[in-house]
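Observations on chain architecture
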Amino acid sequence: RFAMANDNDGNDSRKRSTNSESDVESYQDFHRKGYDYISKALTMDEASQSMRDRQKAMDLYLQGIVELERGIIAIENVPPSVPEDRARRTDKLRDKMLTNLELARERVADLNLQIRTNKSTVPATTKSKFPFGSSTMPRTTSPAAAQQKKFNNAAKVAPVAPVSRRQISVNSRPAETNKPARSTSRGRLATRPSVSGRSEGKPEPSPRAPSTPSTPRTTRKNLGALKNVDSAMANLILDQIIDNSPGVYWDTIAGQQSAKQALQETVVWPALRPEVFTGLRAPAKGILLFGPPGNGKTLLAKAVATESKQTFFNISASTLTSKWVGEGEKLVRALFACARELQPSIIFIDEVDSILSARKDSEHDAIRRLKTEFLIQFDGVGTASDERILVMGATNLPQELDLAALRRFPKRIMISLPDEEARISMLRNLLKNHQHRLDQNDFEEVADLTEGYSGSDLAALAKDAAMGPIREIDPQLVPTLKHKEIRPITKADFQNSVNRIRPSVPQSSLADLDAWAQKFGDCT
Ligand code: ATP
Ligand code: MG
């Protein structure tokens, strides 16, 4: 089908009149470049033997997507006053580009899934819900309507019961659809399926959950039928973004007492006793954890998830912006819709600055749309009084956030460098499974030496110090070394390592963060 679109355009361009030639050439060029990238991607996609090939194919598709998007923008900039026949031709070309764009995005979504799950098969649910035949839509259908129709069809074809991720990954692969994606991609893309040819999307045995689901609240509603939500994406979220057992507890985290207290008040207790925390005590809808890198922001968010027993959606902003080029906006919509269905829930966005930074003119359109969608969805949180969704963000660059974003995080908690007590407790914790000879005084001395170290700097320091005893041993003896022959770790090892492992957070950035905290943060 790509080939057909390209040939037609070649003929069209030869017929065009001279005065419109340059415009035509520009979007025609984008289409041609996009087509070239996608053809190469298809070849690679079909032949792909390894994850690397798939990654390469995905990169080529993405380059094709960018060219097509540019082409579509160029066409949209053509003045409305052009002659009717030319307008018709540009419309036709635009439709073709949109179709190709959609197909390429679908392949990207498939490949993405394969790469992320490290499997060469596409789950049946994804195939049926990402139908390749956008050409089955009448040409006159607007892209938005086509997209909508597609989602609706997808929901009809294979309704998916909302189940835990384990259930989905076990149940969503009926044996007969377990074919490698590459054996079908070209065939599907190159032929033009008729409307009646939808039989391949005929209801398959729906990947339903067993009748005894893990949590009662996930059984009642049907995620496949979520309004305006791509059900394949909803499945992906259930499969990969929900993280209900991060295994981090309050005790795992040394120090940070005031942050723990604030999180307990605003997240954990309200989740456990919602009837107490109403009215003025109603919890905030957005919490921002900010502070220098490596001090436990991500750890704290995970501890909140474990301790509050809510559905925890853990997604990093870079996943939204890079892995999902062009899909981020859809993913954001699906994310919030799932959070609504599975509430009480926490949506945790790590590195939130990269999606809520001030919007710039130079950035890619897809990113701008993603940011806008995120703000819209975030605004929607809490509009229903019984809605229990919390958005938690973490950043070490809070200064980058725009004011509109900041308004949505009324509670802003600084996660600072560990103080002396926290450093001692962290060091104790790090050494607890190793033989060492450090007493309380030694720990205090090491803590003194490590003023200005972050939590992750301390972890690196302890790792280096633990190598001290090994470095003293003749390298030739290392292979046959017995455990009891290794001497215990001492204060001197730490003193040596302090010269090698230096603190990673510069004073200037600490000063900036402190200034920001004074101005905007919760400084309790
Ligand atoms: P970034 O801003 O770079 O994302 P972060 O603040 O999210 O950093 P974490 O990922 O939570 O930092 O912590 C990094 C590592 O440092 C942890 O895996 C852990 O080993 C160690 N660490 C940091 N802070 C603490 C702490 N308070 N208690 C125990 N370990 C810690
Ligand atoms: Mg982090």
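What this report covers is the structure whose coordinates are included nearby. Note that the structure is predicted; figures quoted are calculated from it, not measured. (Residues numbered from 1 in each chain as written. Chains lettered and ligands numbered in written order. Predicted model: local features only at pLDDT ≥ 70, side-chain atom pairs only at ≥ 80, totals over all residues. Heavy atoms only, no water.)

**Regarding the environment of glutamate 351**
Mapped onto the fold, glutamate 351 is located in the loop between strand S3 (345-350) and helix H14 (353-356). When the C-alpha atoms of glutamate 351 and alanine 317 are compared, they prove to be 5.6 Å apart, with 34 residues separating the residues in sequence. Apart from residues no more than four positions distant in its own chain, glutamate 351 is found in contact with Ser316, Ala317, Ser318 and Ala394. (Helix = DSSP H or I, 4+ residues; strand = E, 2+ residues; numbered from the N terminus. Contact = heavy atoms within 4.5 Å.)

**Considerations on the packing of helix H10 (residues 257-272) against helix H11 (residues 297-308)**
Where H10 meets H11, the axes come as close as 10 Å, and the angle between the chain directions of the two elements is 30 degrees. Comparing the axis directions of H10 and H11 gives the class roughly parallel. Crossing of H10 over H11 shows right-handed handedness. Between H10, through Ala259, Lys260, Leu263, Val267, Val268, Ala271 and Leu272, and H11, the contact on the second element is made entirely by Leu300, Val304, Glu307 and Ser308. (Axes fitted to C-alpha atoms, helices over the stretch in contact; angles between N-to-C directions. Parallel < 35°, antiparallel > 145°, perpendicular 65-115°, else oblique. Left-handed = near helix turned anticlockwise from the far one by under 90°.)

**With respect to the pattern of salt bridges**
Going through the model one piece at a time under the given rule, you end up with 15 salt bridges. In this structure, glutamate 329 and arginine 369 form a salt bridge, with 2.9 Å as the shortest nitrogen-oxygen distance. Of this pair, glutamate 329 sits in helix H13 (residues 328-341) while arginine 369 sits in helix H15 (residues 365-380), and the two are 40 residues apart along the sequence. Connected through shared salt-bridge partners, Asp379, Arg407 and Arg408 make up one network. (Salt bridge = Lys/Arg side-chain N within 4 Å of Asp/Glu carboxyl O.)

**A word on the packing of aromatic side chains**
Enumeration over the complete set of coordinates arrives at six aromatic pairs. Residues phenylalanine 290 and tryptophan 516 carry aromatic rings whose centres are separated by 4.8 Å and whose planes lie at 75 degrees to one another, so their mutual orientation is edge-to-face. Remark: tryptophan 516 occurs in helix H21 (residues 507-520) and phenylalanine 290 occurs in strand S1 (residues 286-290); sequence separation between them is 226 residues. Residue classification places tryptophan 516 among the buried residues on the basis of a relative accessible area of 8%. Ring geometry for tryptophan 516 versus phenylalanine 520: centroids 5.1 Å apart, planes at 40 degrees, classification tilted. In this pair, tryptophan 516 and phenylalanine 520 both sit in helix H21, four residues apart, roughly one turn of the helix. Three or more aromatic residues joined by ring pairs form one cluster here, namely Phe336, Phe374, Phe378 and Phe409. (Phe/Tyr/Trp six-rings, centres within 6.5 Å; stacked < 30°, edge-to-face > 60°. Buried < 20%, exposed > 50% of the residue type's maximum accessible area, 1.4 Å probe, protein only.)

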